[in-house]
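Okay, here's what each chain looks like letter by letter:
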Protein chains: 2
Amino acid sequence: MSESTTTSGQEPRPDGREPARTAPSAYAAAGVDIDAKYGAVESARAAIKASHGPGVLGDLGSFGGLFDLAAAGAEGQLLVASTDGVGTKVKLAVQAGRYDGIGADLVNHCVDDILVQGARPLFFLDYVAVDKMLPERVGAVIRGLADACRANGCALLGGETAEMPGVYRPEEMDVAGTIIGCVSRDRLLDGSRIRVGDVAVALGSSGLHTNGFSLARKVLDDGGFSLDDRPPEFGGESLADALLAVHRSYLGPVMPLLDRDLVHGMAHITGGGLPDNLPRVLPQGTAVRIEAAAMPRPPIFDFLCRHGRVAREESYRVFNMGFGMVLVVAAGDVDTVIETLAAAGETGRVVGEVVAGSREVRIG
Amino acid sequence: MSESTTTSGQEPRPDGREPARTAPSAYAAAGVDIDAKYGAVESARAAIKASHGPGVLGDLGSFGGLFDLAAAGAEGQLLVASTDGVGTKVKLAVQAGRYDGIGADLVNHCVDDILVQGARPLFFLDYVAVDKMLPERVGAVIRGLADACRANGCALLGGETAEMPGVYRPEEMDVAGTIIGCVSRDRLLDGSRIRVGDVAVALGSSGLHTNGFSLARKVLDDGGFSLDDRPPEFGGESLADALLAVHRSYLGPVMPLLDRDLVHGMAHITGGGLPDNLPRVLPQGTAVRIEAAAMPRPPIFDFLCRHGRVAREESYRVFNMGFGMVLVVAAGDVDTVIETLAAAGETGRVVGEVVAGSREVRIG
């Protein structure tokens, strides 16, 4: 619910998060437990504070979170904003009883979404809604959000935790969030510098990231699989391990490339896969040829495609098929790009090239 | 779901909204209908565009929405951010089949939440999640969001529309959003200027706004009431009319007061009511005495309290009881404040005063 106020007499929350309401008897009888909600956020308070950098005006916040762009070194820059959820991956997390990775899935997804425009993250606000407030679960989700924010140099500036009796199915929850980042106008990436002859360099995904989970769950259901099953080709991992592998953030390895102006365009491979996401940055008159075999993929993809009888073409639309992020760079910069990525601990793989065309993706 | 990409070949969406995915057969079989999702957002496109002011960099947006603070006249100001939902009011809207007001409920709630810190809204991003994508419903919600954004001088910069089979109950939806506003450092309101002897001036609510709906629904259920019932004291309105009355935005009437520096502190009366929200802006050593009878209230409050046997003290915590916003002003400025509000078409009522105390609210 949106009833988000602090308890009478409580100090204003420096984090801009407003978790608590009073717990009057009639209200409790109506299915809303405010004490539980408050406990969930309290347990994450230290992690939230730890995510705060110099931009957060901690001692002033009350109803909304306050952010000082100048203190964060972002004055005069453009803001880039994105809202997203984690899809039905959250349902699978609930099913597996693992709540700590969902926060990182969401934050990293949002970080990657604005990174493709050249932006670095400044702050994040979350929305966590549940059928019934279970403080351990919700606390784990918010701690995960806060930890992922900190890892990305991003402040968890605020959020809302909502108990919604009668809206969500029993035990279910949803998690969404909004990221605000910044980019200098002269460093804004929109793909307009992409030219025929440029090279596509891909960074690997950890698994499905946050896409294709409704289909994945259907494959599991139809095949009678359990999340605890450990297919032999998984090298000891369970289906839950493989499916809940955390969406990667590419901020660390990619930012040094942006600092050196080595990227012409970049696509975050989310829903719609390579065929839908790469064209978003392609100028008219260009297309991309991708060599699928150039990118190794976690075994979960072949498992799902085989058991779900997903055709190859469809598989590249529903899943990322191992491609987490695709960078388009000048052919002459490829070695420098790969070396710079390697210096940041990341493997960049040449997976294709820009050719003449009509903004399509040809997967070979 | 978070799979939010544009269809291959489609132009980047200038509004930063990313509604569409491909609709492969296996995916559709798993319960996700992307065409429907796309239709919902398309129907709102004109309204979204109409909300865009000079700050929106419309022709550049792709993955995230781009905002130019300088073009919006906000350069050098602090950002104020808040995320919220509309609670289970959304469930009641679904029950009544009225989807157009929920957007204004959410946007106005968020506008009011940052207005109390002196901030004006810049842009908004929404999250709309449904059990099953029904384009008419979701389109109506997003158009409502966009229209409310425009009415508040705020750009609907982006959003996510998610179909979440198996998470929400059948027919249900949830709506949440994030607002980003700005305020000059020297106009930031935090209540620190409030002194004993100041006067509380209240602006009326239209009804429950977005708080207390779980209790309201319980009262209706327990009493066997229908949303179509028209209690005689409602003057012809139905219970649905009264309960779904849109959360008011106080931006229009309050901004002229802020421009003239006439406000010492301000509280948006949301969940927790007067007793929980007013203390959030009270300095140590002060308290507020409120004369409840000084504020007329819509009849829905007495209806719910009577049929729900809600004690008086509790009623002021669960509901706003007619108080939408409370401004604290210098005693010598009261006449000017009331006149300035009247010039903006708003009735301001003197409802109490600041006294010595321990940050409590005494309702008499």
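Each chain carries its own residue numbering, running from 1 in the direction its sequence is written. Each chain gets a letter, beginning with A, and each ligand a number, beginning with 1, in the order they are written. Reporting of local features is limited, given that this is a predicted model, to residues whose pLDDT is at least 70; pairs of side-chain atoms are given and counted only at 80 or more, and all residues count toward the totals for whole chains, interfaces and linings. The side-chain quantities take in all heavy atoms of the structure and omit both hydrogens and water.

Looking only at helices and strands, chain A features 13 helices and eleven strands. Think of it in three bands: residues with accessible area under 20% of the maximum for their type are buried, residues over 50% are exposed, and the middle band is partly exposed, with areas taken using a 1.4 Å probe on protein chains only. A total of 364 residues make up chain A; the buried ones form 66% of that total. Here, two residues are considered to be in contact whenever any of their heavy atoms come within 4.5 Å of each other. For chain A, contacts bridging at least 24 residues in sequence account for 83% of all contacts bridging at least 6. Of the roughly 11100 Å² that chain A leaves accessible, carbon and sulfur atoms contribute 49%. The secondary structure listing takes helices from DSSP runs of H or I that are at least 4 residues long and strands from runs of E that are at least 2 residues long, numbered from the N terminus. We get accessible surface area from the Shrake-Rupley algorithm with a probe of 1.4 Å; when it comes to residues, only the shown protein chains can shield them.

A few words on helix H5 (residues 101-115) of chain B. A helix is expected to reach a length of 1.5 Å times the quantity of its residues less one. Over its 15 residues, H5(B) extends 21 Å from the first C-alpha to the last, a length consistent with the 21 Å expected when each residue adds 1.5 Å. With 15 of its 15 residues buried, H5(B) lies for the most part within the structure.

Now for the domain arrangement of chain A. Residue and element names in this part refer to chain A. Structurally, chain A comprises domain 1 (25-187) and domain 2 (199-363). Each of domain 1 and domain 2 was reduced to a C-alpha centroid, and the two centroids are 25 Å apart. Across the boundary between the two partners, domain 1 contributes 25 residues, which contact 28 residues of domain 2. For the pair domain 1 and domain 2, the two sides together bury roughly 2300 Å², of which 64% comes from carbon and sulfur. Three residues stand out in domain 1 for area buried against domain 2, namely Lys89, Leu92 and Leu115, and they jointly supply 28% of the buried area on that side. Salt bridge criterion: a side-chain nitrogen from Lys or Arg within 4 Å of a carboxyl oxygen from Asp or Glu. Inspection of the region where domain 1 meets domain 2 yields two salt bridges. For the salt bridge of Arg187 with Asp259, the shortest nitrogen-to-oxygen distance reads 3.0 Å. The definition of a polar contact used here is a pair of N or O atoms within 3.5 Å, where within protein one atom must be able to donate a hydrogen and the other to accept one, and adjacent residues in sequence count solely through side-chain atom pairs. Joining domain 1 to domain 2, the criterion identifies eleven residue pairs in polar contact (both at pLDDT 80 or more). Domain ranges listed in this record stem from an automatic or a database domain assignment. Buried area is a sum: the accessible area each of two parts loses on coming together, probed at 1.4 Å, counted once for each and added.

Further remarks concern helix H11 (residues 299-307) of chain B. All names here are of chain B. Burial in H11 covers these residues: Ile300, Phe301, Phe303, Leu304 and Cys305. For H11, the elements touching its buried residues are helix H7 (213-223), helix H8 (239-243) and helix H12 (312-318). Arg309 occupies a position one or two residues after H11 and carries a positive phi of about 50°.

Here we take up the sheet that holds strand E2 (residues 78-85) of chain B. With mixed pairing, five strands are arranged side by side in an open sheet as E1(A)-E2(B)-E5(B)-E3(B)-E4(B). The open sheet terminates on both sides in strands that have one partner only, identified here as strand E1 (65-67) of chain A together with strand E4 (155-163) of chain B. Across the sheet, the mean angle from the axis of one strand to that of its neighbour is 15°, orientation sign disregarded. Two strands pair if DSSP finds at least two bridges between them. In this sheet, strand E5 (residues 173-183) of chain B lies alongside E2(B) in antiparallel orientation, the contact comprising eight bridges. Bridged to Thr83(B) within E5(B) is Thr178(B). Each axis is a line fitted through C-alpha atoms, and for a helix only the stretch in contact is used; angles between axes span 0 to 180 degrees, taken between their N-to-C directions.

Another point: the side chain of Asn211(B). All names here are of chain B. For Asn211, the location among the structural elements is in the loop between strand E6 (199-204) and H7. Taking the relative accessible area as the measure of exposure, Asn211 reaches 2% and is therefore buried. Of the polar contacts made by the side chain of Asn211, one reaches the backbone nitrogen of Gly271; its length is 3.2 Å.

Below, the discussion takes up the packing of aromatic side chains. All names here are of chain A. The rule is short: rings of Phe, Tyr and Trp, with Trp giving its six-membered ring, pair when the centres are within 6.5 Å, and they are stacked under 30 degrees, edge-to-face over 60, tilted in between. Scanning the model with the defined rule gives nine aromatic pairs over all chains in all. Seen in terms of ring centroids, Phe234 and Phe303 are 5.6 Å apart; in terms of plane orientation they differ by 70°. Their pairing is edge-to-face. Placement of Phe234 in the loop between helix H7 (213-223) and helix H8 (239-243) and of Phe303 in helix H11 (residues 300-307) is noted, with a sequence separation of 69 residues between them. By the burial criterion, Phe234 is buried, and Phe303 matches it.

Quick look at the pattern of salt bridges now. By the definition in use, this model includes 34 salt bridges over all chains. Here Asp222(B) and Lys218(B) are joined by a salt bridge, their closest N and O atoms 2.6 Å apart. In this pair, Asp222(B) and Lys218(B) both sit in helix H7, four residues apart, roughly one turn of the helix. You can call Asp222(B) exposed: its relative accessible area is 57%. Through salt bridges with shared partners, a single network forms among Arg98(A), Arg230(A) and Asp241(A).

In this section: the confidence of the model for chain A. Predicted confidence across chain A gives a mean pLDDT of 90, with 90% of residues reaching 70 or more. How sure the predictor is of each residue is captured by pLDDT, a score from 0 to 100. Below pLDDT 50 for its whole length, residues 1-24 of chain A participates in 129 contacts with residues either more than four positions away or in separate chains.

Turning our eyes to something else, we now look at the packing of helix H5 (residues 102-115) of chain A against helix H9 (residues 251-259) of chain A. All names here are of chain A. Orientation of H5 relative to H9, taken along the N-to-C sense of each, is 15°, at an axis distance of 11 Å. Considering the angle they form, H5 stands roughly parallel to H9. Between H5 and H9 lies a crossing of left-handed hand. Contacts from Val111, Asp112 and Leu115 in H5 reach Leu251, Val254, Met255 and Leu258 in H9. Classification convention: Asp, Glu, Lys, Arg as charged; Ala, Val, Leu, Ile, Met, Phe, Trp, Tyr, Cys, Pro as nonpolar; all other residues, Gly among them, as polar. Considering only residue class, the contact of H5 with H9 consists of six nonpolar, no polar and one charged. Working rule for angles: under 35 degrees goes down as roughly parallel, over 145 as roughly antiparallel, 65 to 115 as roughly perpendicular, anything else as oblique. In this scheme, a crossing is called left-handed if the near helix is turned counterclockwise away from the far one by less than a right angle; it is called right-handed if the turn is clockwise.

Let's shift gears to the pairing of strand E8 (residues 286-290) of chain A. A regular strand places its side chains so that they alternate between the two faces of the sheet. Residue and element names in this part refer to chain A. Taking burial as the measure, the five residues of E8 include four buried ones, the bulk of the element. Of the strand pairs in this sheet, E8 and strand E11 (residues 361-363) are connected by three bridges, and their pairing is parallel. What sits directly across from Arg289, in E11, is Arg362.

Turning our attention to the pairing of strand E8 (residues 286-290) of chain B. Sheet analysis places E8(B) next to strand E10 (residues 348-356) of chain B, joined by five bridges and oriented antiparallel. Bridging across to E10(B), Ile290(B) finds its partner in Gly352(B).

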